[in-house]
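Residue-level structure breakdown
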Amino acid sequence: MKLLVSALEPSSNLHLKEVLKHGDDITLLGIFDKQIDAGEPLYDISQMAIMGVVDAIKKIRWFFQVADEMVALAKEADKVLLMDASGFNLPLAKKLKKAYPNKEIIYYILPQVWASRPKRVEKLERYCDHLLGILPFEVDYYPQRKARYVGHPLLDEISLSHSPQSNTITFMPGSRKSEISRLLPIFKEVRSRLSDKEAILVIPPSFTQEKIASLYGDISMFKVSHNSHEALASSEFAFICSGTATLEAALIGTPFTLAYIAKKIDFFIGTKLFGITQVGLANIILTHHNGTTLHNELLQENVTAEKLLNEYHNTDKEKFAQKAQELKAYLGHGSSENVARIIMETTNEHP
């Protein structure tokens with residue numbers, strides 16, 4: 001089978017690798033990590049990366065060109081798999097459906113329409129044949145019932161578990177320059193006041209030594225890790241920025257507190273205009289499930305060394321373990337095998 005793939009994010013490509021383990025004789029076309037040994041990409045994901053608004057504006061014409069190239073390439077494909085990145089993939093789905101009305105389009109890792117821009121639901125249902133959700137509650141936002149819950153990919157990818165007897169603290173200040181610059185000075189102060197502990201600083205594996213030196217400064221007080229799963233599993237506690245890392249920690253079972261400082265205008269837009277009340281993905285999922293939360297969230301001016309230390313000393317580890325188990329049970333199972341099965345299913349439609 002020839003599968004046209006649009007997987008722009010590093011995380012999407014990790015999930016794609018897991019899916020391919022369960023597929024049979026799949027050749028990839030399109031945009032994906034060149035390290036995946038299943039075809040030659042039209043563009044590697046490194047070429048699709050955007051660094052800020054100015055870079056996005058400069059590249060917008062080029063992105064339109066790439067989308068047109070993907071549509072032309074789709075003529076060779078049996079099916080299409082779009083992953084995350086709705087800013088690029090949703091317009092691409094529209095172009096593909098117009099060019100090939102009978103070609104099956106699968107969207108895996110859906111946009112977070114439950115958080116913002118719910119009008120995307122109508123477009124997703126119009127242009128895609130299968131909508132594969134990785135959160136149980138998100139499929140309820142699709143009235144045509146094209147969406148189904150397939151499981152969560154992290155349950156396929158995480159094999160480690162928390163070491164409660166550890167003497168190590170993990171610090172995860174994020175991957176964006178703005179996140180690191182705001183959080184790391186506070187994390188360094190916390191680390192200095194926990195001098196009797198081992199401390200791990202998680203740095204994205206894609207960062208060069210030059211980038212690390214310019215972004216992080218003196219990090220001699222930390223042991224550096226590029227593997228978040230191993231770092232979390234080896235730690236008694238973690239301080240985490242936001243994003244998927246909170247869910248990783250929850251599934252591994254490592255107690256943590258979320259610390260996040262956004263630009264004031266972004267925080268205002270998120271809380272006042274979009275009505276966002278939670279930042280951590282683990283909390284969002286558990287609240288949808290049973291109205292409870294897993295961890296505390298320190299936001300904006302509440303992110304201080306004193307308050308973070310208080311979180312470390314006073315977090316209820318037993319309650320955390322119970323809630324983490326509830327979350328894991330709610331997600332149920334991994335997604336990779338189910339996604340591969342849907343891709344491999346034969347249909348009566350033809351390109």
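Our subject in this report is the structure included herewith. (Residues numbered from 1 in each chain as written. Predicted model: local features only at pLDDT ≥ 70, side-chain atom pairs only at ≥ 80, totals over all residues. Heavy atoms only, no water.)

**Considering the packing of aromatic side chains**
Quick note on the threshold: The aromatic pairing rule takes the rings of Phe, Tyr and Trp, using the six-membered ring of Trp, and pairs them if the centres are within 6.5 Å, calling planes under 30 degrees apart stacked, those over 60 edge-to-face and the rest tilted. Only DSSP runs of H or I with at least four residues qualify as helices, and only runs of E with at least two residues qualify as strands; both kinds are numbered from the N terminus onward. Exposure categories follow from relative accessible area, calculated using a 1.4 Å probe and restricted to protein chains: below 20% of the type maximum is buried, above 50% is exposed, and the middle band is partly exposed.
Applying the stated criterion to the full structure yields twelve aromatic pairs. Between the aromatic rings of Phe237 and Tyr312, the centroid separation amounts to 5.6 Å while the plane-to-plane angle is 75°, which identifies the pairing as edge-to-face. Taken together, the residues Phe237 in strand E10 (residues 237–240) and Tyr312 in helix H13 (residues 305–314) connect sequence positions 75 residues apart. For the pair Phe237 and Tyr312, one class covers both residues: buried.

**Re the sheet that holds strand E11 (residues 256–260)**
Basically, it comes down to this: The criterion for strand pairing is that DSSP finds at least two bridges linking the strands in question. Orientation is described by lines fitted to C-alpha atoms, with helices fitted over the stretch in contact, and by angles between N-to-C directions that extend from 0 to 180 degrees. The criterion used for residue contact is that any of the two residues' heavy atoms lie within 4.5 Å.
On the basis of which strands lie adjacent, the open sheet formed by six strands has the order E9-E8-E7-E10-E11-E12 and parallel pairing. Because the sheet does not close on itself, it has two edges, and the strands there are strand E9 (223–225) and strand E12 (297–299). Strand after strand, the sheet turns through a mean of 20° between neighbouring axes, direction not considered. The pairing of E11 with E12 spans three bridges and is parallel. From the neighbouring strand, Leu258 faces E12, where its bridge partner is Glu297. Relative to strand E7 (residues 168–172), helix H7 (residues 177–192) is tilted by about 160°, and along the sheet it contacts E7, strand E8 (198–202), E10 and E11.

**What to know about the pairing of E7**
Test applied: Whether a crossover is right-handed depends on one test, that the path from the first strand over the helix to the second runs clockwise when the strands point away from the viewer.
Within E7, five of the five residues are buried, leaving the element largely enclosed by the surrounding structure. In the sheet, E7 pairs with E8 via four bridges, with the strands oriented parallel. For Thr170, the partnering residue across the bridge sits in E8 and is Ile200. Handedness of the E7-H7-E8 crossover: right-handed.

**Overview of the pattern of salt bridges**
Put simply, the rule reads: Each salt bridge in this description consists of a side-chain nitrogen of Lys or Arg and a carboxyl oxygen of Asp or Glu lying within 4 Å of one another.
Counted under the stated rule, the structure contains eleven salt bridges. Between Arg126 and Glu122 there is a salt bridge, with the nearest N and O atoms lying 2.6 Å from each other. Of this pair, Arg126 and Glu122 both sit in helix H5 (residues 120–127), four residues apart, which is roughly one turn of the helix. Look at Arg126 and you get partly exposed, because its relative accessible area is 44%. We note a salt bridge from Glu179 to Arg176, for which the minimum N-O separation is 3.0 Å. Overall, Glu179 belongs to the buried group, its relative accessible area being 6%.

**Points about the sheet that holds strand E5 (residues 130–133)**
Pairing is parallel in the open sheet, where six strands are placed in the order E2-E1-E3-E4-E5-E6. Since the sheet does not close on itself, it has two edges, and those belong to strand E2 (27–31) and strand E6 (147–149), each with one partner. Geometrically, the sheet is characterised by an average inter-axis angle of 25° between neighbouring strands, direction not taken into account. Note: strand E1 (residues 2–7) against strand E3 (residues 79–83), five bridges, orientation parallel. Looking at the pairing, Leu3 lines up with Lys79 of E3.

**Some remarks on the environment of Ala259**
With respect to the helices and strands, Ala259 occurs in strand E11. Judged by relative accessible area, Ala259 falls into the buried class, the value being 0%. Here the alpha-carbon distance between Ala259 and Pro173, two residues 86 residues apart in the chain, equals 8.4 Å. Not counting the four nearest positions on each side in its chain, Ala259 is found in contact with Leu183, Phe187, Ile240, Cys241, Leu298, Val303 and Leu308.

**Things to note about H7**
For the record, the criterion: To estimate how far a helix should reach, multiply one less than its number of residues by 1.5 Å. Two axes are fitted around each residue, one to the seven residues ending there and one to the seven starting there, and the angle between them is reported as the bend at that residue.
Given a rise of 1.5 Å per residue, 16 residues ought to cover 22 Å, and the 22 Å separating the end C-alpha atoms of H7 matches this to within 8%. Within H7, the axis deviates most sharply at Leu183, by approximately 35°, and proline Pro185 lies no more than four positions further along. If you check which residues of H7 are buried, you get Glu179, Ile180, Leu183, Leu184, Ile186, Phe187, Val190 and Arg191. Residues of H7 that are buried in the fold lie against E7, E8, helix H8 (209–216), E10, E11 and H13.

**Details of a nonpolar patch on the surface**
Filter applied, for reference: To count toward a patch, a residue needs a relative accessible area over 30% and no salt bridge; like charges are then connected within 9 Å, while nonpolar side chains (Val, Leu, Ile, Met, Phe, Trp, Tyr) are connected within 5 Å. Surface accessibility in these figures is a Shrake-Rupley result with a 1.4 Å probe; residues are shielded only by whichever protein chains are displayed.
The grouping of Ile265, Phe268 and Ile269 at the surface amounts to a nonpolar patch, some 260 Å² of accessible area in total. As for its placement among the helices and strands, Ile269 is situated in helix H11 (residues 264–273). A relative accessible area of 31% places Ile269 in the partly exposed class.

**With respect to H5**
Three or more residues of H5 are buried, namely Arg120, Val121, Leu124, Glu125 and Tyr127. The inward-facing, buried residues of H5 abut helix H4 (86–99), strand E4 (104–108) and E5.

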